[in-house]
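# Structural overview for review
Letter by letter, the chains look like this.
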Amino acid sequence: MRKTILLVAACVVSMLATAQIFEVVSVQELAGASFEDARVAGISPKGDYILMTNGANQGLKRYDIASGVMTKLTDAEGAGFNVQFSRDGQEIIFRERFTGADKLRYNNIIRANIGANTKKVLAKDQVNNDMLVSPDAKVVLTNSECKMYITKNGKKIHIAPQGDEVNYIWASLSPNQKKILYYVSEMGCFVCNIDGSNSQLIGVDCRAPQWYDNNTIVSMNDQDDGHFTTASAIMAYTLDGKVQTLTSPDMIAMYPFAAEGKVVFSTLQGKTYLLQVK
């Protein structure tokens, strides 16, 4: 009897793990956002435009999905790394990295209004990215030097759910600002509460994770031979354990970003795709 119960439980877990999360309605190449070494740097909260950079995060361009028009925002180094959006998508915050006279690396933090096509320098000569946060955030997560910090009501707290001896990367807040999504090198992708409690493993191969909604994550599962990426698929995960592959095995799909009904990513060949999902 006990063996029967265990077998049924294992079957249920297996069914949950492979259950469908999304229905992929269409797969479309965005030809105007495809270029040599192209990489998606973000998608607006409303899903009306995407930001493009290259594999080295140099430069930043805005691609309007409806019109197909690409607009250059900057050529600066580092501009494509960890770009932040306002909730309405009208403003973004990014960095412009440069080498100072002392040969050290610095960042200027830039706030750009997409609609007005204006830019303002928020901070100059920064050595870290602590100011690289959403312009209307009430809870601020910073992921500096592979450590995580939460700032709420003016109080900054160091968060280390897996301990201080590991590196934390790709950290982001859930849309409702109640949970943190992050990746720990050689351990996998996790979600925890904003105070660092209740850490939950999402997947060992869940890399470059991004929130789709408060319960769903998109990421890439990339494989390499020690020198080159040989395969990569866009994946979806839910906090209750469901997993789904969203792209075909003949496509090396990397670095996804998501808004409601949309998942965007680029391939190793520099092509940019839009998945319409529901």
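Cut-off values and rules
- Residues numbered from 1 in each chain as written.
- Predicted model: local features only at pLDDT ≥ 70, side-chain atom pairs only at ≥ 80, totals over all residues.
- Heavy atoms only, no water.
- Helix = DSSP H or I, 4+ residues; strand = E, 2+ residues; numbered from the N terminus.
- Buried < 20%, exposed > 50% of the residue type's maximum accessible area, 1.4 Å probe, protein only.
- Contact = heavy atoms within 4.5 Å.
- Areas by Shrake-Rupley, 256 points an atom, 1.4 Å probe, with all protein chains shown as cover.
- Salt bridge = Lys/Arg side-chain N within 4 Å of Asp/Glu carboxyl O.
- Pairing = 2+ DSSP bridges.
- Axes fitted to C-alpha atoms, helices over the stretch in contact; angles between N-to-C directions.
- Core = buried A, V, L, I, M, F, W, Y, C linked by side-chain atoms within 4.5 Å.
- Polar contact = N/O pair within 3.5 Å; in protein donor to acceptor, adjacent residues only side chain to side chain.
- pLDDT = per-residue confidence, 0-100.
- Phe/Tyr/Trp six-rings, centres within 6.5 Å; stacked < 30°, edge-to-face > 60°.
- Lys NZ or Arg CZ within 6 Å of the ring centre and 35° of its normal.

### Things to note about the overall build of the protein chain
Regarding its fold elements, the protein chain presents one helix and 23 strands. Within the span of the protein chain, comprising 278 residues, buried residues form 47% of the whole. Considering only contacts within the protein chain whose residues lie at least 6 apart along the sequence, 37% involve residues at least 24 apart. Carbon and sulfur atoms form 51% of the exposed surface of the protein chain, whose accessible area is close to 14,400 Å².

### What to know about the pattern of salt bridges
The tally for this structure, following the rule as stated, stands at seven salt bridges. Between K72 and D75 there is a salt bridge, and its shortest N-O distance comes to 3.1 Å. Ionic pairing is found between D205 and R207, a salt bridge with its closest N-O pair at 3.7 Å. We classify D205 as partly exposed; its relative accessible area is 33%. Looking at R207, the relative accessible area reads 15%, which means it is buried. Here the salt bridges share partners, and the residues they tie into one network are D205, R207 and D222.

### Observations concerning the side chain of R62
Within the secondary structure, R62 sits in strand 4 (residues 60-64). For R62, the contacting residues outside a window of four places in its chain are Y49, I50, L51, V69, M70, T71, L73 and I114.

### Structural notes on the sheet that holds strand 16 (residues 200-203)
With antiparallel pairing, four strands are arranged side by side in an open sheet as 13-14-15-16. Each of the sheet's edge strands pairs with one partner strand only, and the pair in question is strand 13 (168-173) and strand 16. Between one strand axis and the next, the sheet turns through 25° on average, direction left out of account. In this sheet, strand 15 (residues 188-193) lies alongside strand 14 (residues 179-184) in antiparallel orientation, the contact comprising six bridges.

### Re the nonpolar core
Ranked by internal contacts, the top residues of the largest apolar core, which has 19 residues, are F22, I234, V263 and F265. Of all the secondary-structure elements, those providing two or more residues to this core are strand 17 (207-213), strand 18 (216-224), strand 19 (229-238), strand 21 (253-259), strand 22 (262-267) and strand 23 (272-277). Not counting the four nearest positions on each side in its chain, F22 is found in contact with Y212, T216, V218, A236, Q244, L246, V277 and K278. In terms of nonpolar packing, the next biggest core, distinct from the first, is built from 15 residues, I150, L173, I180 and I194 among them.

### Focus on the environment of Q162
Residue position: Q162 is located in the loop between strand 12 (155-159) and strand 13. Counting along the chain gives 37 residues from Q162 to S199, while the straight-line C-alpha distance between them is 8.1 Å. Beyond its immediate chain neighbours, meaning those up to four positions away, Q162 contacts Y168, Y182, V184, M187, F190 and S199. At 2.8 Å, the side chain of Q162 and the side chain of S199 are in polar contact.

### Regarding the sheet that holds strand 6 (residues 84-85)
In a beta sheet, neighbouring strands are held together by backbone hydrogen bonds and run either parallel or antiparallel to one another. An order of 6-7-8-9 is seen for the four strands of this open sheet, with the pairing classed as antiparallel. Only two strands of the sheet have a single neighbouring strand rather than two, namely strand 6 and strand 9 (118-126).

### Some points on the confidence of the model for the protein chain
Fine structural detail should not be taken from predicted coordinates in areas where pLDDT scores are low. Of the residues in the protein chain, 90% have a pLDDT of 70 or more, and the chain-wide mean is 89. Highest mean pLDDT in the protein chain belongs to strand 15 (98); lowest belongs to helix 1 (residues 2-17) (36).

### Remarks on the pairing of strand 9
Pairing between strand 8 (residues 105-113) and strand 9: six bridges, direction antiparallel. By the bridge assignment, I109 is partnered in strand 9 with A123. Linkage of strand 8 to strand 9, two consecutive antiparallel strands, is achieved through a turn of four residues, within which N117 is found at a positive phi near 55°.

### Structural notes on the environment of E145
You can see E145 is positioned in the loop between strand 10 (139-144) and strand 11 (147-152). Judged by relative accessible area, E145 falls into the exposed class, the value being 72%. Along the primary structure E145 and Y168 are separated by 23 residues, whereas in three dimensions their C-alpha atoms are 8.4 Å apart.

### Quick word on unusual backbone geometry
At N57, a position not held by glycine, the phi torsion is positive, near 60°. Here N57 shows up in the loop between strand 3 (49-54) and strand 4. With relative accessibility at 16%, the residue N57 sits in the buried group. At N153, a residue that is not glycine, the phi angle is positive and equals roughly 55°.

### Details of the packing of aromatic side chains
Within this structure, the stated rule accounts for seven aromatic pairs. Between Y168 and Y182 the ring centres are 5.7 Å apart and the planes differ by 50°, which places this aromatic pair in the tilted class. A residue pair is termed long-range when its members are at least 10 positions apart, and Y168 in strand 13 and Y182 in strand 14 qualify at 14 residues. Here Y168 matches Y182 in class, with each residue buried. Site record: aromatic cluster; members linked through ring pairs are Y168, Y182 and F190. One residue, R62, lies across the ring of Y49, its end atom 5.9 Å from the ring centre. The residue whose ring lies beneath K156 is Y149, and the NZ or CZ to ring-centre distance is 4.8 Å.

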